[in-house]
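Listed below, chain by chain, are the residues.
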Amino acid sequence: MMLEVCGICKAFGKTQILKGIDFQMAAGEVLSIIGSSGSGKTTLLRCLNFLERPDSGRIAVNGETLYDGSAPRRDSAAALRRKRLHFGLVFQSFNLFPQYTALQNVTLANLLFLRKSEEYRQDRAKATERIEREAKELLAQMGLQDRMNNYPHQLSGGQCQRVAIARALALRPDILCFDEPTSALDPELTGEVLRVIRGLADQHMTMIIVTHEMSFAREVSSNVIFMDEGLICEQGTPEQVFVHPRMERTRHFLAGYGK
C-alpha cells in the first residue's frame, strides 16, 4: 500500500473542516477528489503535504508513519522537510518565483538540498550539472524546451503551470498532488495542462487530483472521492461514482455538471 489516511480531522478555531477522512491508495493509482467549494478538499491536500498539521488521525506512506495524532510531537524543520518530500504539490495559482527563470524555478529546491550532501562536497560542478540536466529533461517533457530561460511573466498561464509540475516532479515525490490545477486557466490552456497530467497517469505516476473537471476525473482516475462538508460522502471507481452514485447528495452535485 502506498498511502494510508486514517481519521484525519482538522479545525480552524471552532470551525471543523475535516471530520474524519479515511482512504487508501496503491502505487500508480490516480485519485480524484471532487466536491463543492468549502468541502475540505484543499485542506486535506495541505494536511497531506504538511502545510497544515492535522488535529488527529494518521498518515502513512509505504508503511512509514508520517503523522500519528495519538503521539503528538513537535517536528524539527529538517524532519518536516523529509516528510514533505514524500509529496509534491502543484498549486492552482502556480506559485512560481517571479525573479527566476523556468529552469531556475525547477532547479532551486534541489540545489538547496544538494549543498548539504556528500555529492556536492565531493564534486560541486558535477552535482550541479546533474541537477540542471534533470531539470531540462523535465521541462522538455512538459513541452517547454524552448522556454527554459523565460521568466514567469513571459509565459502563458498554461506554461507556468507546466513549469510548476516540472518543479514538483524534480523532487521525485512518491505522490504528486494537484490542487485545482486548471482553475486559473482559460479553456485552451486547460487542455495543455490536462494533457500533461494524462501523460503522467499513463506513466503510472501516483497522483491525487482535486478538480472540478468532471469529464477529466472520470477519464483519468483509478478511484474518485466525493467530499461534502468535511466528510467523504462517496468513493469508488469512476463508474461507481459518476454513473451509479449511491448517495442522493452525490447525484445532486453531479447534476450541476450535467452528469
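Quick summary incoming for the structure in this document.

How each quantity is defined
Residues numbered from 1 in each chain as written. Predicted model: local features only at pLDDT ≥ 70, side-chain atom pairs only at ≥ 80, totals over all residues. Heavy atoms only, no water. Helix = DSSP H or I, 4+ residues; strand = E, 2+ residues; numbered from the N terminus. Expected span 1.5 Å × (residues − 1). Buried < 20%, exposed > 50% of the residue type's maximum accessible area, 1.4 Å probe, protein only. Arc of directions from axis to C-beta. Pairing = 2+ DSSP bridges. Axes fitted to C-alpha atoms, helices over the stretch in contact; angles between N-to-C directions. Contact = heavy atoms within 4.5 Å.

### Quick look at helix α5 (residues 124-141)
Think of an α-helix as 3.6 residues a turn; residues three or four steps apart then line up on the same face.
And step 1. With 18 residues, α5 should reach 26 Å at 1.5 Å per residue; the first-to-last C-alpha distance of 26 Å fits that figure.
And step 2. What α5 keeps buried is the set Ala127, Ile131, Glu134, Ala135, Leu138 and Leu139. Along the long axis of α5, the arc covered by the buried residues comes to 140°, so they all point the same way. Residues of α5 that are exposed and point over 90 degrees away from its buried face: Ala125 and Lys126.
And step 3. Remark: glycine 143 follows α5 within two positions and exhibits a positive phi of approximately 75°.

### Considerations on the sheet that holds strand β3 (residues 30-34)
And step 1. One open sheet holds the six strands; their spatial order is β6-β7-β8-β3-β9-β10, and the pairing between them is mixed. The sheet terminates laterally at β6 (87-90) and β10 (231-236), the two strands that pair on one side only. The mean inter-strand angle of the sheet, taken between neighbouring strand axes irrespective of direction, is 20°.
And step 2. Where strand β9 (residues 223-228) and β10 come together, five bridges link them in antiparallel fashion. Each residue of the ladder has a partner; that of isoleucine 225, found in β10, is glutamine 235.
And step 3. This element, helix α10 (residues 248-255), spans β3, β9 and β10 of the sheet and lies at about 95° to β9.

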